[in-house]
Every structure is written in structure tokens, then in C-alpha cells.
Amino acid sequence: MSSIFKKIIDGEIPCKKVLENEKCLAFYDINPQAPIHVLIIPKKEIKDFNQLDSQSMSELLDFTHQVIEHLGLKDKGYRLITNVGEYGGQEVPHLHFHILSGAKLKWEKLA
Ligand code: AMP
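On a predicted model such as this, the values are computed, not experimentally measured, just so you know.

Undergrad: Any chance you could explain the site of the ligand here in plain terms?
TA: Among the 15 residues in the neighbourhood of the ligand, the closest are listed as Asp29, Asn83, Glu91, His96 and His98. One of the side-chain nitrogen or oxygen atoms of Asn83 is found 2.8 Å away from an oxygen atom of the ligand. With respect to the ligand, the side chain of His96 contributes an N or O atom lying 2.8 Å from an oxygen atom. Look at the ligand: alone it shows 500 Å² of surface, and the protein chains cover 87% of it. Structurally, the ligand is housed in the largest pocket. If you list the elements that add at least two residues to the shell around the ligand, you get helix H1 (4–9) and strand S2 (24–28). A breakdown of the residues in the shell around the ligand according to their chemical character gives seven nonpolar, six polar and two charged.

Below you can see the structure in the form of C-alpha cells.
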């Protein structure tokens with residue numbers, strides 16, 4: 001069964017798009033945890049960071065740099081997170097990077 005992000009890629013459910021290219025998509029998180037909360041995903045179905053190969057990582061790296069530039073966050077700063085599996089708290093089984101910013105973020109004990 002397709003994950004919700006695959007449905008977003010296929011245009012079956014809407015998203016608030018930030019940037020897109022042939023390989024990657026960036027859109028605003030539906031439940032933001034910071035004033036700016038954007039998700040970056042590969043269009044290829046990759047479950048999580050464990051499954052990521054260097055070719056896709058390279059595509060995601062260039063795209064993520066473009067998104068950060070586009071959002072004007074390069075100098076202001078941001079946090080980049082990917083959750084993996086049960087202990088990481090991953091809810092959607094399609095690799096994604098969270099970009100969090102727009103305020104000075106706290107760093108609290110998480111468990
Ligand atoms: P994770 O817990 O790392 O798997 O993060 C999944 C993220 O996807 C959460 O922050 C959700 O708020 C977000 N999310 C789930 N469904 C949607 C959606 N339809 N559009 C945008 N973000 C979503």
C-alpha cells in the first residue's frame with residue numbers, strides 16, 4: 001500500500017509545495033512543530049535513511065541546499081532531522097527530512 005507521501009507525489013492528495021524537481025519534493029508539514037516546518041522527500045520510494053544510497057543522497061543534498069536558500073534560512077539557521085523506525089519515532093514510512101526553523105529552537109531531553 002502507498003504511503004501518504006507517495007500519494008502526495010502522485011498528486012492524489014494536495015500539499016503546500018515549496019519546491020520540486022524531477023527527483024525530489026519539498027512541502028510544508030501539516031502539523032508544524034516550529035514557525036517554519038518543511039518536509040523534503042525523494043520521489044523514489046525509499047523507506048528510511050537506512051535504505052538511502054549515495055546517488056539519492058546526493059540528489060537530496062543538492063535539493064535540500066536549494067530549499068534552504070529558497071526559504072532564506074542559510075544564514076539564519078535551521079534544524080535538519082530524519083526520524084528512523086520505532087525508536088526514532090518515524091510515522092510515515094517514506095524517507096523525509098524535516099527542516100525546522102523560524103525561531104531559536106530548543107534542545108530538550110527527548111526521552
Ligand atoms: P515522521 O514522524 O518523521 O514520520 O514525520 C511525519 C511528518 O509528516 C509529521 O510531521 C506529520 O505532521 C507530517 N505529515 C503527515 N501527513 C502529512 C500531509 N498530508 N501533509 C504534510 N505533512 C504531513
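Undergrad: What exactly am I supposed to notice about the pattern of salt bridges here?
TA: For side chains of opposite charge, pairing can occur when their charged atoms come near one another. On inspection of all chains with the given rule, the structure shows five salt bridges. One salt bridge in this structure joins Lys44 and Asp53, with 3.5 Å as the shortest N-O distance. The class for Lys44 is partly exposed, based on a relative accessible area of 48%. Here Asp53 falls in the partly exposed class, since its relative accessible area comes to 32%. Shared partners join several salt bridges into a network, and the residues in it are Lys17, Glu20 and Lys43.

Undergrad: I keep staring at the environment of Gln66 and nothing clicks. Help me out?
TA: In this structure, Gln66 sits in helix H2 (residues 54–70). Along the sequence, Gln66 and Leu19 sit 47 residues apart, while their C-alpha atoms lie 8.5 Å from each other.

Undergrad: Looking at this structure, how should I read the packing of aromatic side chains?
TA: Between two aromatic rings, the relevant description is the distance of the centres plus the angle of the planes. Taken as a whole, this structure holds two aromatic pairs when the rule is applied. On the basis of an interplanar angle of 80° and a centroid distance of 5.5 Å, the ring pair of Phe5 and Phe27 is categorised as edge-to-face. Taken together, the residues Phe5 in helix H1 and Phe27 in strand S2 connect sequence positions 22 residues apart. The exposure classification of Phe5 matches that of Phe27, with both residues buried. Pairing Phe49 with Phe97 gives two aromatic rings, centres 6.5 Å apart and planes at 85°, and the pair type is edge-to-face. Of this pair, Phe49 sits in the loop between strand S3 (36–42) and H2 while Phe97 sits in strand S5 (residues 97–101), and the two are 48 residues apart along the sequence. Under the relative-accessibility criterion, Phe49 is labelled partly exposed at 40%. Looking at Lys16, its charged tip hangs above the ring of Tyr28, at a distance of 4.8 Å from the centre.

Thresholds, definitions, all that
- Residues numbered from 1 in each chain as written.
- Predicted model: local features only at pLDDT ≥ 70, side-chain atom pairs only at ≥ 80, totals over all residues.
- Heavy atoms only, no water.
- Near = heavy atom within 4 Å.
- Polar contact = N/O pair within 3.5 Å; in protein donor to acceptor, adjacent residues only side chain to side chain.
- Areas by Shrake-Rupley, 256 points an atom, 1.4 Å probe, with all protein chains shown as cover.
- 1 Å grid on protein atoms, 1.4 Å probe; cavity = no way out; pocket = protein on both sides within 12 Å on 5 of 7 lines; lining within 4 Å.
- Sits in = over half its atoms within 2 Å of the grid points.
- Helix = DSSP H or I, 4+ residues; strand = E, 2+ residues; numbered from the N terminus.
- Nonpolar A, V, L, I, M, F, W, Y, C, P; charged D, E, K, R; others polar.
- Salt bridge = Lys/Arg side-chain N within 4 Å of Asp/Glu carboxyl O.
- Buried < 20%, exposed > 50% of the residue type's maximum accessible area, 1.4 Å probe, protein only.
- Phe/Tyr/Trp six-rings, centres within 6.5 Å; stacked < 30°, edge-to-face > 60°.
- Lys NZ or Arg CZ within 6 Å of the ring centre and 35° of its normal.

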